[in-house]
Amino acid sequence: MARRMARSGLLTRTLVTGCVLTLAVGGCSGTKKAATPPSPPTGVSTIAAGQNTTTVPEAKGVRTSAGLRKKVEYKDKVTVSIAAIKSAKVKDIGPGTIKGEVITIFTVHFANASGQPLNLNQVKVSAVYGPHKDSATRTYYGNLNDFYGTVATGQARSASYAFTVPAAGYKAVTLSVQLDSKHPVTTFAGSLH
């Protein structure tokens, strides 16, 4: 009788262990779904050529020195410029924002006069300010998004990038725009008023 109970206990433990292993392996295996490419970010991230609008309705234009208004043309006939610079007071809390702080919104514009589509998926924009070139904090207040996608030959696209730049740093502001590894980093330097 004792032998039969021992065998029964061993059989029960074996069955339980087998079930646990089956569930564990079954949960870890199977076919993986193909990764779906991410959809473009929501919100209005691009504006048509010639328009100087942002998705922050209360933003107001800022006067700038000539260095921030230049247009730069790369060897392949792609141009980059800052279409508009505006400021706005943050009215609510969001990613990278503090209610009441003032943000500066730079609308970067690319025009494609090259003979092929222009890929904007690698664009990086950063800003520094003041005599010590302190890094400006990036904010997505107002649902501003990065560049994405491609621009056909003869077309243009803009996107707005917001940073916290304190008024004390307005005398020396530098915006750096990197299109991709094939194009040099473009810097726009000047002052805001």
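Nothing here was measured: the structure is a model prediction, and the numbers come from that model.

**Let's talk about the confidence of the model for the chain**
- Across the chain, pLDDT averages 79, with 70% of residues at or above 70.
- Long-range and interchain partners of residues 1-53, a stretch whose pLDDT sits below 50, account for 31 contacts in this model, where long-range means more than four residues apart.

**Comments concerning the layout of surface pockets**
- In this structure, the largest pocket occupies an estimated 210 Å³ of space.
- For the largest pocket, the full set of lining residues is Asp76, Ser114, Gln116, Pro117, Leu118, Asn119, Gln122, Asp180, Ser181, Lys182 and His183.
- Tallied by class, the residues present in the lining of the largest pocket amount to two nonpolar, six polar and three charged.

**A short note on the pairing of strand β3 (residues 78-89)**
- Most of β3 is tucked away, with ten of its twelve residues classed as buried.
- Direction of pairing for strand β1 (residues 60-61) relative to β3: antiparallel, over a ladder of two bridges. Looking at the pairing, lysine 60 lines up with serine 87 of β3.
- Inspection of the sheet shows strand β2 (residues 71-73) paired to β3 by three bridges, in the antiparallel sense. Each residue of the ladder has a partner; that of valine 72, found in β3, is valine 80.
- Where β2 hands over to β3, the hairpin turn is made up of four residues, of which lysine 77 adopts a positive phi near 75°.
- Pairing of β3 with strand β4 (residues 102-112) involves eleven bridges; the strand directions are antiparallel.

**Remarks on the nonpolar core**
- In terms of nonpolar packing, the biggest core is built from 31 residues, with Val108, Phe110, Val123, Phe163, Leu175 and Val177 touching the most fellow members.
- Among the elements of the structure, β3, β4, β6 (124-129), β10 (156-164) and β11 (173-178) are those that each provide at least two residues to this core.
- Sort the elements by how many residues they give to this core and β3 lands first, with four residues.
- Excluding residues that lie within four positions of it along the chain, phenylalanine 110 makes contacts with Val78, Thr79, Val80, Leu118, Leu120, Val123, Phe147, Gln155, Ala156, Arg157, Val177 and Leu179.
- Judged by nonpolar contacts, the second largest core, of nine residues, contains Ala88, Ile103, Ile105 and Ala162.

**Some details on the packing of aromatic side chains**
- Taken as a whole and assessed by the stated rule, the structure comprises three aromatic pairs.
- Between phenylalanine 110 and phenylalanine 147 the ring centres are 5.3 Å apart and the planes differ by 65°, which places this aromatic pair in the edge-to-face class. Taken together, the residues phenylalanine 110 in strand β4 and phenylalanine 147 in the loop between β8 (137-139) and β9 (150-151) connect sequence positions 37 residues apart.
- Here phenylalanine 147 and tyrosine 161 contribute two aromatic rings whose centre-to-centre distance is 6.0 Å and whose plane-to-plane angle is 40°, an arrangement assigned as tilted.

**Observations regarding the sheet that holds strand β12 (residues 186-190)**
- On the basis of which strands lie adjacent, the open sheet formed by four strands has the order β7-β6-β11-β12 and antiparallel pairing. Strands at the two margins of the open sheet, each flanked by one partner only, are β7 (134-135) and β12.
- Judged from the six bridges that link them, β6 and β11 form a sheet pairing that is antiparallel. Residue pairing in the sheet places alanine 127 in a bridge with leucine 175 of β11.

So, how was this worked out
- Residues numbered from 1 in each chain as written.
- Predicted model: local features only at pLDDT ≥ 70, side-chain atom pairs only at ≥ 80, totals over all residues.
- Heavy atoms only, no water.
- pLDDT = per-residue confidence, 0-100.
- Contact = heavy atoms within 4.5 Å.
- 1 Å grid on protein atoms, 1.4 Å probe; cavity = no way out; pocket = protein on both sides within 12 Å on 5 of 7 lines; lining within 4 Å.
- Points joined across faces, edges and corners; volume = space filled by probe spheres on them.
- Nonpolar A, V, L, I, M, F, W, Y, C, P; charged D, E, K, R; others polar.
- Buried < 20%, exposed > 50% of the residue type's maximum accessible area, 1.4 Å probe, protein only.
- Helix = DSSP H or I, 4+ residues; strand = E, 2+ residues; numbered from the N terminus.
- Pairing = 2+ DSSP bridges.
- Core = buried A, V, L, I, M, F, W, Y, C linked by side-chain atoms within 4.5 Å.
- Phe/Tyr/Trp six-rings, centres within 6.5 Å; stacked < 30°, edge-to-face > 60°.

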